[in-house]
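# Observations on the model geometry
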Amino acid sequence: EADIYQTPRYLVIGTGKKITLECSQTMGHDKMYWYQQDPGMELHLIHYSYGVNSTEKGDLSSESTVSRIRTEHFPLTLESARPSHTSQYLCASNPRGKSYEQYFGPGTRLTVT
Amino acid sequence: RKEVEQDPGPFNVPEGATVAFNCTYSNSASQSFFWYRQDCRKEPKLLMSVYSSGNEDGRFTAQLNRASQYISLLIRDSKLSDSATYLCVVSNDYKLSFGAGTTVTVRA
């Protein structure tokens, strides 16, 4: 099993709240990713990081932000949650030189009411 | 146009059957190809890489056709545990592009 963790697993929150989704991995991977996935749909890359102090936006426009202060930690923050943010958020990382071999966390299922 | 297109299925097959499905990709410069497996409400996991020469991993056979830009996966002797959604994945540099998946349900 991959050593990548996400909390919370489920979150129901009201519109306008600030939320942070946590992601941690203990595999020492430099590259980390955040994906968004709706039921029956493909994963969309929203943020990625090459390592500490590196963050980049992905293909899907997102109102979220990320930070990478420590190798093992890659939190995602929504400053003001909206119903359109309702989705599953998946964090992933990969070993150096193997960007195709991504290990995913269990995901956070976010519902904004 | 989506980068990766898959028939969503579902493919409902009896145990022991062979099931095969394809995906197509739009970027002819794509470099690497993979199949991931995603169980219901779980995270995706790498199933296997796909090579032009074709490759097998137990009961699973993957094939790549660069000229026609499609990738295939064949599952022989299906087991109940093969029930899942199979994601076709294409890599360009560091980025992975995922298809929406083909759902396979194996029935007893």
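Everything numeric in this text was worked out from a predicted model, so none of it was measured.

Basis of the calculations
Residues numbered from 1 in each chain as written. Chains lettered and ligands numbered in written order. Predicted model: local features only at pLDDT ≥ 70, side-chain atom pairs only at ≥ 80, totals over all residues. Heavy atoms only, no water. Helix = DSSP H or I, 4+ residues; strand = E, 2+ residues; numbered from the N terminus. Lys, Arg positive; Asp, Glu negative; His and termini not counted. Charge placed at Lys NZ, Arg CZ, Asp CG, Glu CD. Pairing = 2+ DSSP bridges. Core = buried A, V, L, I, M, F, W, Y, C linked by side-chain atoms within 4.5 Å. Buried < 20%, exposed > 50% of the residue type's maximum accessible area, 1.4 Å probe, protein only. Contact = heavy atoms within 4.5 Å. Buried area = accessible area lost by both parts, 1.4 Å probe. Salt bridge = Lys/Arg side-chain N within 4 Å of Asp/Glu carboxyl O. Polar contact = N/O pair within 3.5 Å; in protein donor to acceptor, adjacent residues only side chain to side chain. Axes fitted to C-alpha atoms, helices over the stretch in contact; angles between N-to-C directions.

Turning our attention to the overall build of chain A. Tallying secondary structure elements over chain A gives zero helices and eleven strands in all. Seen in sequence order, chain A has helices and strands lined up from the N terminus as β-β-β-β-β-β-β-β-β-β-β. If one aligns the C-alpha atoms of chain A with their principal axes, the spans along those axes are about 40 × 30 × 25 Å. Measuring between centres, the 11 positive side-chain charges of chain A sit 4 Å from its 12 negative side-chain charges.

What holds strands together in a sheet is hydrogen bonding between their backbones, with the strands either parallel or antiparallel. Overall, antiparallel pairing links the four strands, which are arranged S1-S3-S8-S7 (chain A) in an open sheet. Each edge of the open sheet is held by one strand with a lone partner, namely strand S1 (4–7) and strand S7 (65–66) of chain A.

Once that is clear, we can look at the nonpolar core. One finds Phe21, Phe33, Trp35, Val50, Ile71, Leu73 and Tyr86 of chain B to be the most contacted residues of the largest nonpolar core, which totals 23 residues. Those elements that place two or more of their residues in this core are strand S3 (19–25), strand S4 (32–38), strand S5 (44–50), strand S7 (60–65), strand S8 (70–75), strand S9 (84–92) and strand S11 (102–107) of chain B. Membership of the second largest hydrophobic core comes to 18 residues, among which are Leu21, Cys23, Leu76 and Cys91 of chain A.

On to the pairing of S11 of chain B. All names here are of chain B. The two faces of S11 differ: Thr102, Val104 and Val106 on one face are buried, but Thr103, Thr105 and Arg107 on the other face are not. Direction of pairing for S9 relative to S11: antiparallel, over a ladder of three bridges. Bridge assignment links Tyr86 to a residue of S11, and that residue is Thr102.

On to unusual backbone geometry. Between Thr7 of chain A and the following residue, Pro8 of chain A, the backbone shows a cis peptide bond with an omega angle of -10°. The step from Gly9 of chain B to Pro10 of chain B runs through a cis peptide bond, and the omega angle for that step is 5°. Tracing the sequence through the fold places Pro10 of chain B in the loop between strand S1 (4–6) and strand S2 (11–14). If you check the backbone angles, Arg41 of chain B has positive phi at about 60° while not being a glycine. Tracing the sequence through the fold places Arg41 of chain B in the loop between S4 and S5. In this model, Gln69 of chain B sits at a positive phi of 55°, which is unusual for a non-glycine residue. Secondary-structure assignment places Gln69 of chain B in the loop between S7 and S8.

This part covers the interface of chain B and chain A. Listed by partner, the interface residues are 18 residues for chain B and 22 residues for chain A. Of the roughly 1,700 Å² buried between chain B and chain A on both sides combined, carbon and sulfur atoms contribute 51%. The three residues of chain B that bury the most area against chain A are Glu43, Tyr94 and Phe98 of chain B, which together make up 33% of that side's buried surface. Our enumeration of links across chain B and chain A arrives at two salt bridges. Along the contact surface separating chain B from chain A lie five residue pairs in polar contact (both at pLDDT 80 or more). When residues of the side of chain B that touches chain A are traced back to their parent elements, those giving at least two are S4, S5 and strand S10 (95–98) of chain B. If one sorts the elements of the side of chain B that touches chain A by residue count, S5 of chain B sits on top with four residues.

To continue, consider the sheet that holds S8 of chain B. Residue and element names in this part refer to chain B. Across the sheet, which stays open at both edges, the five strands sit in the order S1-S3-S8-S7-S6 with antiparallel pairing between neighbours. Edge strands, defined here as strands with exactly one partner in the open sheet, are S1 and strand S6 (55–57). Each strand axis lies, on average, 20° off the axis of its neighbour in the sheet, ignoring direction. With three bridges connecting them, S6 and S7 associate as antiparallel partners. Across the sheet, the residue bridging to Asn55 is Ala62, located in S7.

Where charged atoms of side chains with opposite charge meet at close range, the side chains can pair. All names here are of chain A. The full count for this structure, using the stated rule, is eleven salt bridges over all chains. Between Arg96 and Asp30 there is a salt bridge, with its nearest N and O atoms 2.2 Å apart. Of this pair, Arg96 sits in the loop between strand S9 (87–94) and strand S10 (103–104) while Asp30 is found in the loop between strand S3 (19–25) and strand S4 (31–37), placing the two residues 66 residues apart along the sequence. What makes Arg96 exposed here is its relative accessible area of 71%. In this structure, Glu101 and Lys98 form a salt bridge, with 3.7 Å as the shortest nitrogen-oxygen distance. Look at Glu101 and you get buried, because its relative accessible area is 16%.

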